[in-house]
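# Commentary on secondary and tertiary structure
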Amino acid sequence: MQENEKVVELLKKQLFFTRIFAAACCVLTAAVLIVLIRVIPPLLGMVDRAVTAMDQASSTLQTVDDTLTDIQGLFEEDGLVGQSSRALEQATDKIGRMDIDSLNRAIEDLGEVVEPLADFFGKFR
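Residues numbered from 1 in each chain as written. Predicted model: local features only at pLDDT ≥ 70, side-chain atom pairs only at ≥ 80, totals over all residues. Heavy atoms only, no water.

## Here we look at the overall build of the chain
The line we're drawing: Runs of H or I in DSSP of at least four residues are treated as helices and runs of E of at least two as strands, each being numbered from the N terminus. Based on C-alpha atoms, the radius of gyration is set beside the globule rule, defined as 2.2 Å times the residue count to the power 0.38. For the exposure calls, accessible area comes from a 1.4 Å probe over protein chains only, and a residue counts as buried if that area is under 20% of its type's maximum, exposed if over 50%, partly exposed in between. For the accessible areas, the method is Shrake-Rupley and the probe is 1.4 Å, while residue cover comes only from the protein chains on display.
Across its full length, the chain carries 3 helices and 0 strands. Ordering the α and β elements of the chain from the N terminus gives α-α-α. Relative to the globule expectation of 14 Å for 125 residues, the C-alpha radius of gyration of the chain, 48 Å, shows a markedly less compact shape. Looking at the chain as a whole, 2% of its 125 residues qualify as buried. Of the accessible surface of the chain, which amounts to about 11600 Å², a share of 66% is contributed by carbon and sulfur atoms.

Below you can see the structure in the form of structure tokens.
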């Protein structure tokens, strides 16, 4: 009989600790649920903002890529820089072929012809 009392006493201790363990598990579960309820909505909002920022960054990177492609096109053989270079070469060539001395003489001759006409028409004022 004494052994039965000892077994009953051990079972009572076991029941006591099981109840403590169950209560601790309930408290822990409630704490985890409260933390999740408080953390998940702001976390989802942060994720949405991050997705929006990534979309904007992707759009910006696409614009940068398009701009760099356009800039690269400027430096290609038929691009704006090449065309400007050829136009500059042609202008330099034409200026080099120009006879500056003859041009200066023609301007002086024109000035000699226009000056008497200017004096003549200046008398009618």
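## Regarding the confidence of the model for the chain
Quick note on the threshold: Confidence of the prediction at every residue is given by pLDDT, a number between 0 and 100.
Scored by pLDDT, the chain comes out at a mean of 87, with 99% of its residues at no less than 70. No element of the chain has a lower mean pLDDT than helix 2 (residues 80-97), at 81, and none a higher one than helix 1 (residues 2-74), at 91.

## Some details on the environment of Val-35
Structurally, Val-35 can be placed in helix 1. Residue class for Val-35 comes out partly exposed when judged on its relative accessible area of 48%.

## Section: the environment of Val-114
The residue Val-114 is located in helix 3 (residues 100-122) in this model. When the C-alpha positions of Val-114 and Leu-28 are compared, they lie 108 Å apart, and in sequence the two are 86 residues distant.

## A look at a negative patch on the surface
The following threshold applies: Exposure above 30% relative accessible area and the lack of any salt bridge qualify a residue for a patch; like charges then connect within 9 Å, and the nonpolar side chains Val, Leu, Ile, Met, Phe, Trp and Tyr within 5 Å. Every case where a carboxyl oxygen of Asp or Glu lies within 4 Å of a side-chain nitrogen of Lys or Arg is listed as a salt bridge. In this tally Asp and Glu are treated as negative and Lys and Arg as positive; neither His nor the chain ends contributes. To locate a charge, take atom NZ for lysine, CZ for arginine, CG for aspartate or CD for glutamate.
On the surface, Glu-108, Asp-109, Glu-112, Glu-115 and Asp-119 cluster together into a negatively charged patch. Within the secondary structure, Glu-108 sits in helix 3.

## Some remarks on the packing of aromatic side chains
What counts here: Centres within 6.5 Å make a pair out of two Phe, Tyr or Trp rings, where for Trp the six-membered ring is used; the pair is then stacked when the planes are under 30 degrees apart, edge-to-face when over 60, and tilted otherwise.
Taken as a whole and assessed by the stated rule, the structure comprises 1 aromatic pair. Judged by centre distance (5.5 Å) and plane angle (65 degrees), the rings of Phe-16 and Phe-17 are edge-to-face.

## Details of the state of the cysteines
Here is the rule: A pair of cysteine sulfur atoms is labelled a disulfide when the two atoms are within 2.5 Å.
Per the stated rule, a full pass over the model turns up 0 disulfides. Its sulfur unpaired, Cys-25 is 7.1 Å from the next cysteine sulfur, which belongs to Cys-26. Owing to a relative accessible area of 31%, Cys-25 belongs among the partly exposed residues under this scheme.

## Some thoughts on helix 1
Rules: To estimate the expected span of a helix, subtract one from its residue number and multiply by 1.5 Å. Bend at a given residue is defined as the angle between two axes, one fitted to the seven residues that end at that position and one fitted to the seven that begin there.
An ideal rise of 1.5 Å per residue puts 108 Å on 73 residues; helix 1 measures up with 103 Å between its terminal C-alpha atoms. Bending of helix 1 peaks at approximately 25 degrees at the position of Val-39, with proline Pro-41 no more than four residues after it.

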